[in-house]
Amino acid sequence: MRKLTYSINVTLDGCIDHREGTPDAETHHQATEALADADGLVLGRVTYELMEGAWRPPLPQVYPEWMVPFACVIDRIPKYVASTTLERVDWNAELLGGDVVDAVRELKGRAGGGLRLGGSDLATTLASAGLIDEYEFVVHPRVAGHGPYLLAGLHPRLDLELVSRREFESGAVASVYRPRG
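The rules behind each value
Residues numbered from 1 in each chain as written. Predicted model: local features only at pLDDT ≥ 70, side-chain atom pairs only at ≥ 80, totals over all residues. Heavy atoms only, no water. Pairing = 2+ DSSP bridges. Helix = DSSP H or I, 4+ residues; strand = E, 2+ residues; numbered from the N terminus. Axes fitted to C-alpha atoms, helices over the stretch in contact; angles between N-to-C directions. Salt bridge = Lys/Arg side-chain N within 4 Å of Asp/Glu carboxyl O. Buried < 20%, exposed > 50% of the residue type's maximum accessible area, 1.4 Å probe, protein only. Arc of directions from axis to C-beta. Contact = heavy atoms within 4.5 Å. Polar contact = N/O pair within 3.5 Å; in protein donor to acceptor, adjacent residues only side chain to side chain. Parallel < 35°, antiparallel > 145°, perpendicular 65-115°, else oblique. Left-handed = near helix turned anticlockwise from the far one by under 90°. Nonpolar A, V, L, I, M, F, W, Y, C, P; charged D, E, K, R; others polar.

Visitor: Is there a simple way to think about the sheet that holds strand β2 (residues 40–44) in this case?
Guide: A sheet is described by the order of its strands in space; here 8 strands give the open sequence β4-β3-β2-β5-β1-β6-β8-β7, paired in mixed fashion. Two strands lie at the open edges of the sheet, namely β4 (93–96) and β7 (160–167), each paired on one side alone. Taking each pair of neighbouring strands and ignoring which way they run, the sheet shows an average axis angle of 25 degrees. Of the pairings in the sheet, the one linking strand β1 (residues 4–11) to strand β6 (residues 134–140) comprises 7 bridges and is parallel in character. Bridge pairing links Asn 9 to Val 138 in β6.

Quick look at the structure:
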């Protein structure tokens, strides 16, 4: 069974709004390496459309040079989009229709390497179903004061075990956890 890793940037108060992170060359390099090591990226509709608008070539805005490798990796990696409203996807993507839990369970059962998961609502659904094997939270030294919040509405709760931790010069900390038991 393929490993599914949920990776997300989060503020100290649990906000996962992509505009609240504090990206820098070091954290971006780590994200690029992690995505390059995966065989696919699982996204919900909202996150897919957000990522496509930001990273699909030609790049819609001028990025610092240290962001370009991430743009190249995310462009070429296979994407699996869970959506009941989209009729089709492109950008090296496959639409996962029907029940999202069943679709991701089937995807994990396919031959291949690890998968990365991004987003919000989809991650909560898959965590509640016990389909996430690893959690990588990059916690940025910022308090946003608003949501959306990390795994909001999760049920049942998760008990996690710390696997690794890495500190960045910016003060951000990447922690990897696995479910206990």
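Picking up after the structure, the text goes on.
Visitor: Would you mind going over unusual backbone geometry with me for this structure?
Guide: As a rule of thumb, non-glycine residues mostly have phi less than zero, and peptide bonds are mostly trans rather than cis. Geometrically, the link from Gly 147 to Pro 148 is a cis peptide bond, its omega value of 10 degrees lying close to zero. Residue placement: Pro 148 occurs in the loop between β6 and β7. In this structure, Pro 156 follows His 155 across a cis peptide bond, with omega equal to 0 degrees. Here Pro 156 is to be found in the loop between β6 and β7. At Trp 91, a residue that is not glycine, the phi angle is positive and equals roughly 60 degrees.

Visitor: Looking at this structure, how should I read the pattern of salt bridges?
Guide: Side chains that carry opposite charge are capable of pairing whenever their charged atoms lie near each other. Taken as a whole and assessed by the stated rule, the structure comprises 14 salt bridges. One salt bridge connects Lys 3 with Glu 134, and the closest N-O pair in it is separated by 3.4 Å. Of this pair, Lys 3 sits in the segment before β1 while Glu 134 sits in strand β6; the two residues are 131 residues apart in sequence, bridging distant segments of the chain. The exposure class assigned to Lys 3 is partly exposed, which follows from its relative accessible area of 38%. Assessed through its relative accessible area of 8%, Glu 134 is described here as buried. A salt bridge links Arg 165 to Glu 167; the shortest N-O distance between them is 2.6 Å. The network of salt bridges with common partners includes Lys 3, Glu 134 and Arg 178.

Visitor: Would you mind going over helix α4 (residues 100–109) with me for this structure?
Guide: A turn of α-helix holds 3.6 residues, and therefore any two residues three or four places apart point the same way. Of all the residues in α4, the buried ones are Val 101, Ala 103, Val 104, Leu 107 and Lys 108. On an axial view of α4, the arc spanned by its buried residues comes to 165 degrees, and they lie on one face. Packed against the buried residues of α4 are β1, β2, β3 (79–82), β4, β5 (115–117) and α5 (121–128). Here α4 starts with a cap whose side-chain oxygen sits 3.2 Å from the backbone nitrogen of Val 101, and that cap is Asp 99.

Visitor: What's the story with the packing of helix α1 (residues 25–36) against helix α3 (residues 68–76) in this structure? I'm lost.
Guide: Each packed pair of helices is defined by two parameters, the angle between the axes and the distance between the axes. Where α1 contacts α3, the axes come no closer than 9 Å and their chain directions differ by 20 degrees. In terms of orientation, α1 and α3 fall into the roughly parallel class. Seen along the crossing, α1 lies across α3 with a hand that is left-handed. Mapping the contact onto sequence places His 28, Ala 31, Thr 32, Leu 35 and Ala 36 in α1 and Pro 69, Phe 70, Val 73 and Ile 74 in α3. Classifying every residue of the contact of α1 with α3 by side-chain character gives 7 nonpolar, 2 polar and no charged.

Visitor: Just checking my understanding: could you explain α3 for this structure?
Guide: All of the buried residues in α3 are Phe 70, Ala 71, Val 73 and Ile 74. Each buried residue of α3 sits inside an arc of 165 degrees when the element is viewed along its axis, so together they form one side. Buried residues along α3 sit in contact with α1, β2, α2 (45–55) and β3.

Visitor: Looking at this structure, I do not really get the pairing of β3. What am I missing?
Guide: It is a general feature of regular strands that their side chains alternate between the two faces of the sheet. Judged by which residues are buried, β3 turns out to be covered on both faces: Lys 79 and Val 81 on one side and Tyr 80 and Ala 82 on the other are all buried. Of the pairings in the sheet, the one linking β2 to β3 comprises 4 bridges and is parallel in character. By the bridge assignment for β3, Leu 43 is matched with Val 81. In this structure, β3 lies alongside β4, joined through 4 bridges in parallel fashion. Looking at β4, one finds that Tyr 80 is bridged to Glu 94.

These values are about where atoms sit, not about what they do.
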